[in-house]
Amino acid sequence: MSTSGVDGHPGSPRGRARIPGRHGDPAPADAYRRTGGEPPGRVGPAAEGTAPVGRPGRVPMPPAAGGRAGRATVGGAPAGAAPAGGRARVGGSAAVGARASVARATVPPAAGGPGGPAGPVGPGGGRRGAGGPAAARPPRRKRKRLNTLVAGFAVLIMLAGLGVVGFTWYSTRVVLPNEVPLPLSTTVYAADGKSIVAKLGSENRTFVTIDQIPQHVQDAVAAAEDRNFYKHSGVDYKGIARAAWNNFIGGDKQGASTITQQYARNAFDNLQDDTYGRKVKEAILASKLNDKYTKPQIMQHYLNVIYFGRGAYGIEAAAQTYFNTSAAKLTPAQGAVLAALIKQPVASQTHQGYDPAVNPTDARSRWQYVIDGMVAEGWLGVPGRPDRPTEYPKVLPPPKDGNGFGVKTPSGNVVNYVRQELEQWGICSDSGAPGKPACVDELRDGGYRIKTTIDWRLQKALEAAAQPDRKGSVLHGQPKNLMAAAVSIDPGNGRVLAYYGGDSGADFDYAGKNTNANGDIVGGHPPGSSFKVYTLAAAIDAGISVKSHWDATPFKPSGFKDKVQNAGRGAGVCGKWCTLEESTIRSYNVPFFHVTEEIGPDRVVEMAKRAGVGTMWTVDPPKPYDLTASEAAELAPRRFDRVVGYGQYPITVLDHANGLATLANDGKYNKAHFVLSVEKQDKTTGEWVSVPGTGEKLHKTGGQQRIRAEVAREVTAVLKEIPEKNNADLDGGRDAAGKTGTWEHNGTPRNAHAWMVGYDRNVATAVWVGSRDAKKPTIVDDDGNDIGGSSFPAKLWKRYMDTALKGKANADLPTVTGMGDADTGNGTEPAPPSPPPIQPSTPPGCDPLCPPDDDGNGNGNGPPTVPTLPATPPPVGIDGTGGGLLPTTPPRTTRGY
């Protein structure tokens, strides 16, 4: 007998919730029914093949002549009239496939018998006179004819059932579980192997073997769903007959009751309908499963298939979803909670289900029913078994942002790069390569365990600082159109430590590349003066010293509509004689235009490419170019003119961070990457094994030397002067190199993009702040001030870097050497000022002891003349006022800075 048919535990509805389909869709309302069972309010097993007295839907039959009401049963003993108080049986037993007997169709009790409408306990029972039993009894001949018709009909049902069973058995190829690939979810972890970046798949399922499921969990499931699981042959034939009869008379459709039958129904796509033919095929599969597999194997298959609610398929996903633990660590109390969920994990039209967060009263009652069943079966509270739990365990509430399944989280954008790396390794293809599955499908159903480079502590720190709508973040409380993006990389190996491109991996990624509705690649932002780090490196690499002098006077180049200016600062404090070092620190644009013209824009593009910038967009029209697929000379100056020297052309935040990491690593390039390892489970052993050809591949010497080390160090030496002057000096006086950058909106005086980028030996980070509202592209703070690189971007960069570098060694950065030709440059040295005439301090022919020269005729009668020396000029600061610091909000420029 299957105890899964018991509906009478406290609070249970008569209906049974069918397990949702492959995609979690709830079954129709008329499918939430259960075979057999006790009436609501009664706890205990129900007799198979019978129903409570007076249950609706029974067909009243007259009693046998001279006797009490009896039952006619199909598939029992030979046909014949039953003696008084006995039963009449039609037909004999038949074996199917040499093992299973044909299900018996039970005929309801006759009218006037116990439980019939006119019986002693039926409606109208106990009355005398015209309405009593004697008056209701039909003539003997009529009763005999009716019995014959019923018996004949029962035989017809039996023969029809035999035909269906036989035809299905011999003509259907039954596919057994080892041939049915379950859709397994892929879990993407942070570098610690524990923190979950994302879970992917059509179903949230992780496969586990039976030895990973405690015996008490298996017993709890049997107690809840099938207490005779370890004894029966896997099929409830009475349930099949009962379902056939109910279907014939138009009653409730009823499902299978054993664990084996439930598994068969949920494991195979062709058993998802609710018909008599499906039930027969389901029984055949269950019988074959019972022949082929042991009970532990069947239990393993079942517990990897069944739905537990909250999007969790299988016992492992359920353990993680409800208790944040693995199936192997479930306690008896926790296992009973999960077993209780199987009956109805989600609410239906007739019942709220058994999720403790939705229906705590019935959930606890059902839990108690499971515990009682385990005790009754000797599975709890006896020697060698766990003690009976006395307290209901604490269950996690449903997460506010859903079940955590998918990429709609701030860390979800990482999955897009994981997919790209899988494609690079040949695991899948996004371009439809023959013989390769689509990468989306492979991640969704492949059941991988992927460990990424993400440092979970730093990821959380970056999200806390960068999320605009998060309380306590740098942009919290500022105008709603503001958006931030940031990427942090380990220079020594290229591992991406933290990545924030938005709050959902399913939406626009502000830190990387995207594909718009037209199929165009978008996502770059003009880097402004932050791009000067590559121009400076290209100049030093070309032999130009940072001590060389350049003209900073604004001017209009031939063919340009507007002047090249220095962010509205004129010629600055150095005019026509600005060193390249000073021009970098003060972020003057005009000298960098001249430098780019001197060495050629192709050398600037080439340096950015060598550092790690892979994609750059033109502006009018906007079009992406893959720098890695073309020679720089082919792209510049044709596509990228001299303004590339100070950052007009958009790049991604990820590429910029990769380029900075190369400079931080003394010119050794490591490709930014996200995946450390890829594993797939061996379903035979349950062990996770590495997927061949995948995994992190580090350079043996710490990186590819793409930029000469002395060049990278000279750039770093110049850049380390900048953070302190831009409100971004790190805690503890730690050395760090950095550069701000700002670009205006389409030549207007309002800013649209602001950057702060920088690094030390341990971490390189790029931060961008812009607008997420196309209708409000400019960026201002809540006071209406323009946002520049030294405001919010610098604040965000400093906050994150202080966290990321906590506990790291403080490495001193190099100092400027002045390597290269200092005489290069178009600067014009100002003429030295004429010295003032020197007045003699004493009259001619007189020594210091001469008397005063009172009359001024030089005869010593007057006071001595003191020479007038030129006054020492006051120190001049970055902003030209002598303060020595950059202003909090840099002045505007018509081009960018």
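A brief report on the enclosed structure follows. The shown structure was predicted, so the numbers you read here are calculated from the model rather than taken from an experiment.

1. A short note on the overall build of the chain
- Looking only at helices and strands, the chain has 21 helices and 24 strands in total.
- The buried share among the 897 residues of the chain stands at 53%.
- Long-range contacts, defined as pairs at least 24 residues apart, comprise 70% of the intrachain contacts of the chain with a sequence gap of at least 6.

2. Regarding the nonpolar core
- Ranked by internal contacts, the top residues of the largest apolar core, which has 121 residues, are Val487, Val496, Tyr499, Phe640 and Leu654.
- If near-sequence neighbours (up to four positions away) are discounted, leucine 654 is found in contact with Tyr417, Val487, Ile489, Val496, Tyr499, Ala511, Ala672 and Phe674.
- Among the nonpolar cores identified, the runner-up in size contains 54 residues, and Val221, Leu330, Val337 and Val395 belong to it.

3. Examining the sheet that holds strand E5 (residues 186-189)
- What the 5 strands build is an open sheet, ordered E6-E5-E9-E19-E20; its pairing is mixed. For this open sheet the edge positions go to strand E6 (196-200) and strand E20 (688-690), each flanked by a neighbour on one side alone. Across this sheet, the average inter-strand angle for adjacent strands is 25°, counted without regard to direction.
- As defined by bridge partners, strand E9 (residues 448-452) adjoins strand E19 (residues 675-681) across 5 bridges and the pair is classed as antiparallel. Within E19, the residue paired with isoleucine 450 across the bridge is valine 678.
- Set on the sheet, helix H11 (residues 413-424) makes contact with E5, E6, E9 and E19; between it and E9 the angle comes to about 110°.

4. Quick look at the sheet that holds strand E10 (residues 482-489)
- Spatially, the 5 strands line up as an open sheet ordered E11-E10-E24-E23-E22, and their pairing is antiparallel. Each having just a single partner strand, strand E11 (496-500) and strand E22 (737-744) make up the two edges of the open sheet. Within this sheet the neighbouring strands show an average axis-to-axis angle of 10°, counted without direction.
- Examined bridge by bridge, E10 and E11 share 4 bridges and lie antiparallel to one another. What sits directly across from isoleucine 489, in E11, is valine 496.
- Sitting on the sheet, helix H20 (residues 709-719) touches E22 and strand E23 (751-759), and the angle it makes with E22 is about 75°.

5. Remarks on the pattern of salt bridges
- In this structure the tally under the stated criterion is 28 salt bridges.
- Among the salt bridges present, the one from aspartate 445 reaches arginine 444, with a minimum N-O distance of 3.6 Å.
- Between aspartate 786 and arginine 750 there is a salt bridge whose closest N-O contact spans 2.9 Å. Here aspartate 786 is found in the loop between strand E24 (764-771) and helix H21 (792-804), whereas its partner arginine 750 is found in the loop between E22 and E23, with 36 residues between them in sequence.
- With a relative accessible area of 7%, aspartate 786 lands in the buried category.
- The network of salt bridges with shared partners includes Asp541, Arg610, Arg708 and Glu710.

About the criteria used
- Residues numbered from 1 in each chain as written.
- Predicted model: local features only at pLDDT ≥ 70, side-chain atom pairs only at ≥ 80, totals over all residues.
- Heavy atoms only, no water.
- Helix = DSSP H or I, 4+ residues; strand = E, 2+ residues; numbered from the N terminus.
- Buried < 20%, exposed > 50% of the residue type's maximum accessible area, 1.4 Å probe, protein only.
- Contact = heavy atoms within 4.5 Å.
- Core = buried A, V, L, I, M, F, W, Y, C linked by side-chain atoms within 4.5 Å.
- Pairing = 2+ DSSP bridges.
- Axes fitted to C-alpha atoms, helices over the stretch in contact; angles between N-to-C directions.
- Salt bridge = Lys/Arg side-chain N within 4 Å of Asp/Glu carboxyl O.

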